[in-house]
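What follows is the residue order along each chain.
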Amino acid sequence: MLEIKNLHVKLEEEDKQILKGVNLQVGPGEVHAIMGPNGSGKSTTSYVLSGRDGYEVTEGEVLLDDENILELEPEERAAAGLFLAFQYPVEIPGVSNMTFLRTAVNAQRKARDEEELSATDFLKLVRAKAKSLKIDADMLKRPVNMGFSGGEKKRNEILQMAMLEPKLCILDETDSGLDVDAMKLVSEGVNALRDGKRSFVVITHYQRLLDHIKPDVVHIMYDGRIVKTGGPDLALEVENNGYADILAEVENA
Amino acid sequence: MKRSELKQRKLDATQARVLDVQMPDGASWAKSLREDALSRLLTMGLPAARDEYWRWTRPDTLISAEVPKAATFSADEAPLFSSIDRLKVVFVDGVFDADASDDLSGENLEIMRLSDALATDIHWVRDAYGVQEKKAQVPVERPMATFNTAFATDGIVLRATGKVSRPVSLIYLHQDDSSEAILHHVIRVEEGAEVTVLENGPAAARFNKVMEVDVADGAAFHHVRAQGRDHERRAVTHLFATVGSEATFKSFTMTANGVLTRNEAFIDIIGDDSVAHIAGAAMGDGDFHHDDTVFITHDAERCESRQVFKKVLRNGAKGVFQGKILVKEGAQKTDGYQISQGLLLDDDSQFLAKPELEIYADDVACSHGSTVGAIDEEALFYLRSRGVTTPEATDLLVIAFLAEAIEEIESPEIVEDVLHRFEGWLQRRRS
Ligand SMILES: Nc1ncnc2c1ncn2[C@@H]1O[C@H](COP(=O)(O)OP(=O)(O)O)[C@@H](O)[C@H]1O
Ligand SMILES: [Mg+2]
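Anyway, here's the lowdown on the structure attached to this text. (Residues numbered from 1 in each chain as written. Chains lettered and ligands numbered in written order. Predicted model: local features only at pLDDT ≥ 70, side-chain atom pairs only at ≥ 80, totals over all residues. Heavy atoms only, no water.)

## Remarks on the overall build of chain B
Here is step 1 of the chain: Secondary structure assignment for chain B yields ten helices and 19 strands.
Here is step 2 of the chain: Rg of the C-alpha trace for chain B: 21 Å, near the compact-globule value of 22 Å for 431 residues, within the 12% margin.
Here is step 3 of the chain: Its C-alpha atoms put chain B at 70 × 55 × 45 Å along the principal axes.
Here is step 4 of the chain: Here chain B, with 431 residues, has 59% of them falling under the buried criterion.
Here is step 5 of the chain: Once local pairs closer than 6 in sequence are excluded, the contacts in chain B between residues at least 24 apart make up 84%.
Here is step 6 of the chain: Working note: accessible area of chain B is about 16,800 Å², and carbon and sulfur atoms make up 48% of it.
Here is step 7 of the chain: If you average the places of the 48 positive and of the 72 negative side-chain charges in chain B, the two averages end up 5 Å apart. (Helix = DSSP H or I, 4+ residues; strand = E, 2+ residues; numbered from the N terminus. Rg over C-alpha atoms; globule rule 2.2 N^0.38 Å. Buried < 20%, exposed > 50% of the residue type's maximum accessible area, 1.4 Å probe, protein only. Contact = heavy atoms within 4.5 Å. Areas by Shrake-Rupley, 256 points an atom, 1.4 Å probe, with all protein chains shown as cover. Lys, Arg positive; Asp, Glu negative; His and termini not counted. Charge placed at Lys NZ, Arg CZ, Asp CG, Glu CD.)

Written out as structure tokens, the structure reads:
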């Protein structure tokens, strides 16, 4: 599904290397968690995967279903099935959430040569999915993320994911700022999308989320590299002891 | 050159300019109102580039004896408001077209041509023609409007005596590439009455239009205007309004194209508990120049005013906004809002703004803001990351930028239509 090979990334504007050889392989249907201290390059990885401006890939490649996506525009990557739930969802004044969702769904269908959804079919679909995430009609009508609480923004990301049905979902700290109930809603939303084929990369600081969304593999990222990979127990170890032991072990190796 | 010399030059030029302009016939009272306007014009002079409110918009092509040519333009889509049940009043190059117009009558409505009204004796028109134009010369002179009062060839006079069911739709067609239209409308919305006036079309190669609106106590006036798509047309327009107590005044203008547009508004709120909103959304490309010069006076208590002006500019287009809220002494609890924004789609375009606030009452809430900027890159990436193509995402953000202005239109049907026009304009320019 996803293969990141020796990915090196620097900032376009500055001479600052951020990713220093990231390797990651995610198979179909798998859930991988990426943990790591702040500033280690997790968000940068997710942005580079989705094609944001401002980064320069100096080495390496990223394959989605064997296709190198680094040459593609962000919209082409989305149409190819990649989805990023933003750590900081963007507010768009003047564009209603509903318009945003419909435009996105239909743009992707068009890119895949599929019929656009009729207005009624779309409404039915969005209402059903919104309901399960406890997103009310008012939130659908309001401008995208405007005046949304932190938790509402994150639920809105999951709604977009549910509507777009991507192949690969990257969740960047979707759990931060969520209370227990919201965390449950979000996890249920994610789990509802697990179908044995769709893959997930879950970036998080906390074991909490991983209690709900059970990862197959856990990676620790530090200073632009994946420094340790293990099973679900690795997340527990981080939860109990923090990163210090793991990082010391890596540095001594 | 000394100030007095400059002024003398201006007056000489004005004198020379009006020499050959024919003053239309009319009743003697009308004649004397026109003569009065002419003599006022000759003492103030036509606008010059150094005048305070003409620094960003060159007046020369608006006042030249010869009308700059403007190619006519035929659109491949039905004009705005086509699907609305309305009373049509058609002017072709400024000349009333009786065949294309509907019968000038309606429930709760007195309506006739200005040229007819000024030839007979209709007392309310007698007390209204040029009156607001004259009053609005202080503190800033508006000589183009005075010129209009003196020389307007036609227009409509309209009196609403109750709720007028169908909007009155003024349609301005342009067929001659060197035509000039000078139209003057006088509108009175009587106590508790309600009317909607629509205007659309370029009118002529050069268009000078004045609309004087008197909104009585408890009355409501709604106005939606679309200025023609003809690229080379020029227009200078003045909207004068007096708003009584518990009254509503709402005006929205859409402009797409036009080599020169100067829209002035002067709104005087004289009755308590009233609302006056004026908004504009403009899109321009290349040698487009669009100027909104707006002046709202609060002279009553607990009134709300809004000025919302947005301009989308590309390829070296230029937008100007000069807006003022004046709160007079005693106009307590005034709620005044003004926003002007330019969205530049490239580095060649330009938006200039002069927002002004002058307040002489102590218990008021007034705010004004002006911004100029480009498309928000963060928002653009967010949309693209959801699969929306760059051109589609850009257009969506441009339309979103205009939303606050377009939302000032009351009718959802017209909102849809206006949005559709702007979307079409953007789509035709996708690279
Ligand atoms: N646009 C940027 N400008 C400057 N520094 C950046 C930029 N993007 C990322 N960085 C830097 O790169 C490093 C990794 O950041 P990030 O990927 O956000 O880490 P994480 O998500 O793991 O907390 C940090 O040191 C951060 O300051
Ligand atoms: Mg991060």
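More follows now that the structure is in view.
## Here's the deal with the overall build of chain A
Here is step 1 of the chain: The helix and strand tally for chain A stands at ten helices and twelve strands.
Here is step 2 of the chain: In terms of principal-axis extent, the alpha carbons of chain A reach across some 60 × 40 × 35 Å.
Here is step 3 of the chain: The buried share of chain A, reckoned over its 253 residues, is 55%.
Here is step 4 of the chain: Sequence-distant contacts in chain A: of pairs separated by 6 or more residues, those separated by 24 or more amount to 70%.
Here is step 5 of the chain: With an accessible surface of roughly 11,400 Å², chain A has 46% of that area assigned to carbon and sulfur atoms.
Here is step 6 of the chain: Counting 30 positive and 44 negative side-chain charges, chain A places the averaged centre of each group 7 Å from the other.

## So, helix α9 (residues 233-241) of chain A
Residue and element names in this part refer to chain A.
Here is step 1 of the chain: Among the residues making up α9, those that are buried are L234, A235 and V238. Burial along α9 is one-sided: seen end-on, the buried residues are contained in an arc of 105 degrees. In α9, those exposed residues whose orientation departs by more than 90 degrees from the buried face are D233 and N240.
Here is step 2 of the chain: Where the residues of α9 are buried, they touch β3 (31-35), α8 (207-212), β11 (217-222), β12 (225-230) and α10 (244-252).
Here is step 3 of the chain: Note on α9: the residue one or two positions beyond its end, G242, has a positive phi of about 75 degrees. (Arc of directions from axis to C-beta.)

## What to know about the coordination of the magnesium ion (ligand 2)
Residues and elements named next belong to chain A.
Here is step 1 of the chain: Binding of the magnesium ion (ligand 2) to the protein goes through S43 (OG) and Q87 (OE1), at separations of 2.1 to 2.4 Å. Note that S43 is positioned in helix α1 (residues 42-50) and Q87 in the loop between β6 (82-85) and β7 (92-96), a separation of 44 residues in sequence.
Here is step 2 of the chain: For Q87, a relative accessible area of 12% puts it in the buried group. (Donors = N, O, S within 2.8 Å, 3.2 Å for Na, K, Ca; no water.)

## Some points on the pattern of salt bridges
Here is step 1 of the chain: Here the structure, examined in full by the defined rule, presents 50 salt bridges over all chains.
Here is step 2 of the chain: A salt bridge links A:K5 to A:E61, with the nearest nitrogen and oxygen atoms 3.6 Å apart. With A:K5 in strand β1 (residues 2-11) and A:E61 in strand β4 (residues 55-64), this pair connects stretches of sequence that are 56 residues apart.
Here is step 3 of the chain: Among the residues examined, A:K5 registers a relative accessible area of 32% and is labelled partly exposed.
Here is step 4 of the chain: Under the relative-accessibility criterion, A:E61 is labelled partly exposed at 27%.
Here is step 5 of the chain: Because the salt bridges share partners, they merge into one network encompassing B:E110, B:R159, B:R188, B:E190 and B:D214. (Salt bridge = Lys/Arg side-chain N within 4 Å of Asp/Glu carboxyl O.)

## A closer look at the site of ligand 1
All names here are of chain A.
Here is step 1 of the chain: Around ligand 1, the surrounding shell holds 13 residues, and the nearest of these are G39, G41, K42, S43 and T44.
Here is step 2 of the chain: The separation between an oxygen atom of ligand 1 and a polar main-chain atom of G39 is 2.7 Å.
Here is step 3 of the chain: S43 places a main-chain nitrogen or oxygen 2.8 Å from an oxygen atom of ligand 1.
Here is step 4 of the chain: In isolation ligand 1 exposes 560 Å². Once the protein is present, 64% of that is buried.
Here is step 5 of the chain: Tallying contributions element by element places α1 first for the shell around ligand 1, with three residues.
Here is step 6 of the chain: By residue class, the composition of the shell around ligand 1 is four nonpolar, six polar and three charged. (Near = heavy atom within 4 Å. Polar contact = N/O pair within 3.5 Å; in protein donor to acceptor, adjacent residues only side chain to side chain. Nonpolar A, V, L, I, M, F, W, Y, C, P; charged D, E, K, R; others polar.)

## Considerations on the side chain of B:D285
Residue and element names in this part refer to chain B.
Here is step 1 of the chain: By the element assignment, D285 lies in strand β13 (residues 275-285).
Here is step 2 of the chain: A polar contact of 3.1 Å, which involves the side chain of D285, links it to the side chain of R314.
Here is step 3 of the chain: Reaching out from D285, the side chain makes a polar contact with the side chain of N315 at a distance of 2.9 Å.
Here is step 4 of the chain: Each residue touching D285, except ones within four places of it in the same chain, is listed here: H231, R314, N315, A317, W425 and R429.

## Concerning the interface of chain B and chain A
Here is step 1 of the chain: On the side of chain A, 29 residues touch chain B, which itself brings 17 residues to the contact.
Here is step 2 of the chain: Together chain B and chain A conceal approximately 1,900 Å² of surface at their shared face, both sides included; 64% is due to carbon and sulfur atoms.
Here is step 3 of the chain: In this assembly, chain B and chain A are joined by four salt bridges.
Here is step 4 of the chain: For the salt bridge of A:E75 with B:R384, the shortest nitrogen-to-oxygen distance reads 2.6 Å.
Here is step 5 of the chain: In this structure, the connection of chain B to chain A is made through eleven residue pairs in polar contact (both at pLDDT 80 or more).
Here is step 6 of the chain: It is helix α8 (residues 377-385) of chain B that contributes the most residues to the side of chain B that touches chain A, seven residues altogether. (Buried area = accessible area lost by both parts, 1.4 Å probe.)

## Re the environment of B:R262
All names here are of chain B.
Here is step 1 of the chain: Relative to the helices and strands, R262 is located in strand β12 (residues 260-269).
Here is step 2 of the chain: Separated by 205 residues in sequence, R262 and T57 place their C-alpha atoms 7.9 Å apart.
Here is step 3 of the chain: Every residue in contact with R262, bar those within four places of it in the chain, is listed here: Y53, W54, T57, A235, V236, T237, D291, T293 and Q322.
Here is step 4 of the chain: A polar contact is formed between the side chain of R262 and the side chain of E264, at a distance of 3.0 Å.

## Brief notes about the packing of aromatic side chains
Here is step 1 of the chain: The tally for this structure, following the rule as stated, stands at eleven aromatic pairs over all chains.
Here is step 2 of the chain: Consider the rings of A:F86 and B:F381, whose centres lie 5.8 Å apart with planes at 50 degrees: the pair is tilted. Pair noted here: A:F86 is in the loop between β6 and β7 and B:F381 is in helix α8, and the two residues belong to different chains.
Here is step 3 of the chain: Geometrically, the ring pair formed by B:F91 and B:Y172 is tilted, given 6.3 Å between the ring centres and 40 degrees between the ring planes. Of this pair, B:F91 sits in strand β1 (residues 87-92) while B:Y172 is found in strand β5 (residues 168-173), placing the two residues 81 residues apart along the sequence. Both residues of the pair, B:F91 and B:Y172, belong to the buried class. (Phe/Tyr/Trp six-rings, centres within 6.5 Å; stacked < 30°, edge-to-face > 60°.)

## Some points on the nonpolar core
Here is step 1 of the chain: Of all hydrophobic cores here, the largest spans 120 residues; its most connected members are A:L2 and B:F252.
Here is step 2 of the chain: The leading source of residues in this core is helix α9 (residues 390-406) of chain B, at ten residues.
Here is step 3 of the chain: In contact with A:L2, other than residues within four places in its own chain, are A:L24, A:Q25, A:V26, A:L49, A:V62, A:L63, A:L168 and A:V201.
Here is step 4 of the chain: Residues B:A204, B:V215, B:I267 and B:L344 belong to the second largest nonpolar core, which totals 51 residues. (Core = buried A, V, L, I, M, F, W, Y, C linked by side-chain atoms within 4.5 Å.)

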